[in-house]
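This is what each chain is made of:
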Amino acid sequence: MLQITNYINGIFEAPVNDQWLDNYDPSNGNVYSHISNSDAKDIENAYNAAKAAYPSWSQTTLDERSKIMLRIATLIEENLDMLAEAESKDNGKPLWLAKAVDIPRASSNFRFFANAITQFASEAHESVGMGAMNFTLRQPIGVVGCISPWNLPLYLFTWKIAPAIAAGNTVVAKPSEVTPMTAFLLGNICTEAGLPKGVLNIVHGTGPSAGQAIIEHPDIKAISFTGGTATGAHIARTAAPMFKKLSLELGGKNPNLIFADCDYENMMTTTLRSSFANQGQICLCGSRIFVERSLYDKFKEDFVARVKKLVVGHPSDNNVNLGALVSKPHLEKVVSYIEMAQEEGATVLTGGNQVTVGGYEGGYYLEPTVIEVTDDKCRINQEEVFGPVVTIMPFDDEVDALAKANGVRYGLSATLWTSDLNRTMRVSKALEAGIVWVNTWLMRDLRTPFGGVKNSGVGREGGFEALRFFTEPKNVCIKYE
Ligand code: TXE
């Protein structure tokens, strides 16, 4: 059976302890490969390789770094089909989605930061009347850690690695142990593109073992993490006494506010996507839908009818809207939330059941589920489910809508549907979120700051924000006569 080995110092190798984890195909529940179950020894080896590569990589010209990264971007594009098939098999997401979104975006991440680094600038401050000139050096940090989740595997893995290496750092990276395959395949692409050995080291394994060794490592000075809020809090607690730089992109429970004056058809089509894209396993999904009372009954009827038509099936089938959930434990978690919602008194309007797909009976399939709630403070409306489950509820006016939208501990993104410009401005300013989409969803420009407020994390990624995170500013003050 295929072994997913670590990529350290440009070489694929088994973990030192020779321990392996099972890797499941969510579409049928079968084990199809084994993953390195790495521990602190492998992280130390990866760290040593990264440390050795740092002096040379940090002094490599921007032009050269950029060229290598552009080659990686091109090779990802050239291997689109192979990578998309691997991603779909590992994660359960529809193949068409991996081809249209995940893999193109992984390529864009490298291309974007290959170009961004050539435009990144620092500031100069003349101390007028004092005979001094200040300038800011933006220096790479050294060896940095990147830890990514399973929902958008290569997309989020490269979103961290690309700015880290563009800025001149060397990296110890760990993809999720639930979806390691495309990160494993990236190793070959980096070698083929001519990335010097040791610049990127990819170590596989669980959070408590390999992940923990990264966050505890005294000389890995910055950690970029995307994952669950509880893990983020644990990382912050561990890293704080060592004064590491942290960027934490955590969970969301994002509101989707629908006003009666919206473009109805556009709203409806997009809301189906923002609810159930990637089986609802995107931190930006609009999992709490609030609709202005005058539109509520019509919306409810139309939305439920449209959700009933969504097709759940094998990820390789081009006609499916939803594939499989990522893992059995995750499926069980999502199902338990649906049961809990009913115990809380909420009504399942459609969905809620597991789906058996012919020929793939062991797969982790679930119907897209719409739950009507009467209390926005109930648990199904407060906690991140991270599956194909949305709640719906009416609101009375703008004040009520904002109170409901902001009435959670999360603050990642929000979506607003209205044709009123004044309302757009008022509500956008008042929403407690890092990202607000108006009359659209998940439209991304890689130059924009990305991240959340409240329990959705700290720090921003994207554009120059990511390059600022992966560099240390140093003020140099020169006194002159
Ligand atoms: O994430 P974890 P899980 C949410 C979602 C989901 C929940 C839990 O609600 O149901 O989080 O998912 C690594 N030190 N999101 O448990 O554990 C881990 O190996 C260092 C939202 O799968 O946070 C993986 O690489 N690393 C989210 C990564 O952290 C550790 C996407 C994320 O896994 C570690 C995924 C440790 N002690 C889940 N423990 C989003 N924001 O998009 C774990 N890891």
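Everything discussed here concerns the structure shown above.
Each value, and the rule that gives it
Residues numbered from 1 in each chain as written. Predicted model: local features only at pLDDT ≥ 70, side-chain atom pairs only at ≥ 80, totals over all residues. Heavy atoms only, no water. Helix = DSSP H or I, 4+ residues; strand = E, 2+ residues; numbered from the N terminus. Rg over C-alpha atoms; globule rule 2.2 N^0.38 Å. Buried < 20%, exposed > 50% of the residue type's maximum accessible area, 1.4 Å probe, protein only. Contact = heavy atoms within 4.5 Å. Pairing = 2+ DSSP bridges. Axes fitted to C-alpha atoms, helices over the stretch in contact; angles between N-to-C directions. Near = heavy atom within 4 Å. Polar contact = N/O pair within 3.5 Å; in protein donor to acceptor, adjacent residues only side chain to side chain. 1 Å grid on protein atoms, 1.4 Å probe; cavity = no way out; pocket = protein on both sides within 12 Å on 5 of 7 lines; lining within 4 Å. Sits in = over half its atoms within 2 Å of the grid points. Nonpolar A, V, L, I, M, F, W, Y, C, P; charged D, E, K, R; others polar. Patch = residues over 30% accessible without salt bridge, like charges linked within 9 Å, V, L, I, M, F, W, Y side chains within 5 Å. Areas by Shrake-Rupley, 256 points an atom, 1.4 Å probe, with all protein chains shown as cover. Salt bridge = Lys/Arg side-chain N within 4 Å of Asp/Glu carboxyl O. Phe/Tyr/Trp six-rings, centres within 6.5 Å; stacked < 30°, edge-to-face > 60°. Lys NZ or Arg CZ within 6 Å of the ring centre and 35° of its normal. Points joined across faces, edges and corners; volume = space filled by probe spheres on them.

Asker: Sorry if this is basic, but what is going on with the overall build of the protein here?
Answerer: From N to C terminus, the protein includes 15 helices and 25 strands. Over its C-alpha atoms the protein spans a radius of gyration of 23 Å, differing by no more than 12% from the 23 Å that the globule rule assigns to 481 residues. Once the C-alpha set of the protein is aligned to its principal axes, its extents read approximately 70 × 65 × 40 Å. Within the protein, the fraction of its 481 residues that count as buried is 59%. Considering only residue pairs separated by 6 or more positions, the protein has 74% of its internal contacts joining residues 24 or more positions apart.

Asker: I keep staring at the sheet that holds strand 6 (residues 124-127) and nothing clicks. Help me out?
Answerer: The strands making up a sheet are joined through hydrogen bonds of the backbone, oriented either antiparallel or parallel. Reading across from one edge, 6-7-25 is the order of the 3 strands in this open sheet, with antiparallel pairing throughout. This sheet does not close on itself; its edge strands, each paired only once, are strand 6 and strand 25 (471-479). For this sheet the average axis-to-axis angle between neighbouring strands, irrespective of direction, equals 20°. In terms of strand pairing, strand 7 (residues 132-140) meets strand 25 through 9 bridges, oriented antiparallel. In the strand pairing of strand 25, Phe-135 is matched with Val-476.

Asker: I tried to follow the pairing of strand 6 on my own but got confused; where do I start?
Answerer: For a regular strand, the rule is simple: side chains alternate between the two faces of the sheet. Judged from the 4 bridges that link them, strand 6 and strand 7 form a sheet pairing that is antiparallel. Its bridge partner being in strand 7, Ser-127 is matched across the sheet by Ala-132.

Asker: Quick question: what am I supposed to make of the sheet that holds strand 15 (residues 347-350) here?
Answerer: Overall, mixed pairing links the 7 strands, which are arranged 15-18-19-14-13-21-22 in an open sheet. Because the sheet does not close on itself, it has two edges, and the strands there are strand 15 and strand 22 (435-438). Across this sheet, the average inter-strand angle for adjacent strands is 25°, counted without regard to direction. Bridge count between strand 13 (residues 255-258) and strand 14 (residues 288-292): 4 bridges; the pairing is parallel. By the bridge assignment for strand 14, Asn-256 is matched with Ile-289. Sheet strands in contact with helix 10 (residues 293-308) are strand 13, strand 14, strand 15, strand 18 (369-372) and strand 19 (389-395), and its direction is about 135° off that of strand 14.

Asker: Please clarify how the site of the ligand should be interpreted in this entry.
Answerer: Among the 27 residues in the neighbourhood of the ligand, the closest are listed as Trp-150, Glu-177, Thr-231, Lys-333 and Glu-384. Residue Trp-150 places a side-chain N or O atom 2.6 Å away from an oxygen atom belonging to the ligand. Within the contact set of the ligand, an oxygen atom lies 2.5 Å away from a side-chain nitrogen or oxygen of Lys-333. Placement of the ligand is best described as lying within the largest pocket. Among the elements of the structure, helix 7 (207-216), strand 11 (222-226), helix 8 (229-239) and helix 11 (328-343) are those that each provide at least two residues to the shell around the ligand. If one sorts the elements of the shell around the ligand by residue count, helix 7 sits on top with 4 residues. Partitioned by chemical class, the residues of the shell around the ligand number 9 nonpolar, 13 polar and 5 charged.

Asker: Would you take a moment to explain a nonpolar patch on the surface for this structure?
Answerer: A cluster of nonpolar side chains, Phe-135, Leu-137 and Ile-478, forms an exposed patch at the surface whose accessible area comes to about 220 Å². Structurally, Phe-135 is set in strand 7. Exposure remark for Phe-135: the relative accessible area of 30% places this residue in the partly exposed category.

Asker: In this structure, what is going on with the packing of aromatic side chains? I would like to understand it.
Answerer: To describe a pair of aromatic rings, you give the distance between the ring centres and the angle between the ring planes. Across all of its chains, the model carries 11 aromatic pairs by this definition. Judged by centre distance (5.4 Å) and plane angle (75°), the rings of Phe-12 and Phe-184 are edge-to-face. One end of the pair, Phe-12, is in strand 3 (residues 11-13); the other, Phe-184, is in helix 6 (residues 181-193), and 172 residues separate them in sequence. Judged by relative accessible area, Phe-184 falls into the buried class, the value being 13%. Summarising the aromatic geometry, the rings of Phe-469 and Phe-470 are spaced 4.9 Å apart at their centres and angled 80° between planes, so their arrangement reads as edge-to-face. No difference in accessibility class separates Phe-469 from Phe-470, as the two residues are buried. A network of ring pairs unites the aromatic residues Phe-112, Phe-113, Trp-159 and Phe-450 as a single cluster. It is Arg-105 that lies over the ring of Trp-159; its NZ or CZ is 4.7 Å from the centre. In this structure, Lys-245 packs its charged tip against the face of Phe-469, placed 5.4 Å from the ring centre.

Asker: Looking at this structure, I do not really get the layout of surface pockets. What am I missing?
Answerer: Regions of empty space are outlined by a rolling probe, equal in size to a water molecule, passed over the atoms. In this structure, the largest pocket occupies an estimated 830 Å³ of space. In this structure, the largest pocket is lined by 37 residues; those nearest its centre are Trp-150, Phe-225, Gly-227, Gly-228 and Thr-231. Mapped by element, the contributors of at least two residues to the lining of the largest pocket are helix 7, strand 11, helix 8 and helix 11. By residue class, the composition of the lining of the largest pocket is 16 nonpolar, 15 polar and 6 charged. The space that makes up the second largest pocket amounts to roughly 420 Å³. The element best represented in the lining of the second largest pocket is helix 4 (residues 95-119), accounting for 5 residues.

Asker: Looking at this structure, I do not really get the pattern of salt bridges. What am I missing?
Answerer: Two side chains that carry opposite charge are able to pair once their charged atoms sit near each other. Taken as a whole, this structure holds 22 salt bridges when the rule is applied. The salt bridge partner of Glu-265 is Arg-306, with a shortest N-O separation of 3.2 Å. Placement of the pair is Glu-265 in helix 9 (residues 264-276) and Arg-306 in helix 10, with a sequence separation of 41 residues. Given the relative accessible area of 44%, Glu-265 is considered partly exposed. Where Lys-377 meets Asp-376, a salt bridge forms, and the shortest distance between an N and an O atom there is 3.4 Å. The exposure class assigned to Lys-377 is partly exposed, which follows from its relative accessible area of 49%. Residue Asp-376 is classed as buried on the basis of its relative accessible area, which comes to 12%. Salt bridges sharing partners connect three or more residues here, namely Asp-261, Glu-398, Arg-423 and Arg-426.

Just geometry here; none of it tells us what the structure is for.
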